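Examining the three-dimensional arrangement
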Amino acid sequence: MAPGYRLIALDRPGSGYSVRAGDATGRLPEQAEIVRRFIDKLGLEKPLVVGHSLGGAIALTLAVEHPGRISGIALLAPLTHLETRVRQKFDLLYVPSRLLRRIMAYTVAIPLSLKYAEPTMRFIFASRPFQVTI
């Protein structure tokens, strides 16, 4: 970063090393509100908000709902369109029961994620064919 600028990384509740509140829905307006409160709590003056993947959708929601709080957004491979269903490769990750998700998270998920981390990262970040349709 250039002198006079700083980078602040936010670990959104329920992502990274943080835990989401039990009554939280995780919906975009709720997450954008969390980011807005974070900006206010730190006293940031119109920061540039960078969002990657789902963070891009949150940054877009923040820009729509709180435009006066930010100077702009930068989107990196953003999730910008609601998909009608989860992509087939991710079907096994969907667990509808909250209790079962919690049990799996603390028993099965960590050993399996360690085993499959490398192929999963290759799948997620692999180059995709680029096609322009006119």
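About the thresholds
- Residues numbered from 1 in each chain as written.
- Predicted model: local features only at pLDDT ≥ 70, side-chain atom pairs only at ≥ 80, totals over all residues.
- Heavy atoms only, no water.
- Helix = DSSP H or I, 4+ residues; strand = E, 2+ residues; numbered from the N terminus.
- Contact = heavy atoms within 4.5 Å.
- Core = buried A, V, L, I, M, F, W, Y, C linked by side-chain atoms within 4.5 Å.
- Buried < 20%, exposed > 50% of the residue type's maximum accessible area, 1.4 Å probe, protein only.
- Patch = residues over 30% accessible without salt bridge, like charges linked within 9 Å, V, L, I, M, F, W, Y side chains within 5 Å.
- Areas by Shrake-Rupley, 256 points an atom, 1.4 Å probe, with all protein chains shown as cover.
- Salt bridge = Lys/Arg side-chain N within 4 Å of Asp/Glu carboxyl O.

A word on the side chain of Arg36. Relative to the elements of secondary structure, Arg36 occurs in helix α1 (residues 28-42). Once residues within four sequence positions are removed from consideration, Arg36 is found in contact with Leu62, His66 and Arg69.

Side chains of nonpolar character tend, in soluble globular proteins, to be buried together. Grouped together as the largest cluster of nonpolar side chains are nine residues: Ala32, Val35, Ile39, Leu44, Val49, Ile58, Ala59, Leu62 and Ile70. When contributions to this core are tallied by element, the ones reaching two or more residues are α1 and α2 (54-65). Not counting residues up to four positions away in its chain, the partners in contact with Ile70 are Ile39, Lys46, Pro47, Val49, Leu62 and Ala63.

A surface patch of nonpolar side chains, about 610 Å² in accessible area, is lined by Leu99, Leu100, Ile103, Met104, Val108, Leu112 and Tyr116. Elements represented by at least two residues in the nonpolar patch include exactly α3 (98-107) and α4 (109-125). Take the nonpolar patch: its biggest share by element is four residues, from α3. Inspection of the secondary structure assignment puts Ile103 in helix α3. Residue classification places Ile103 among the partly exposed residues on the basis of a relative accessible area of 43%.

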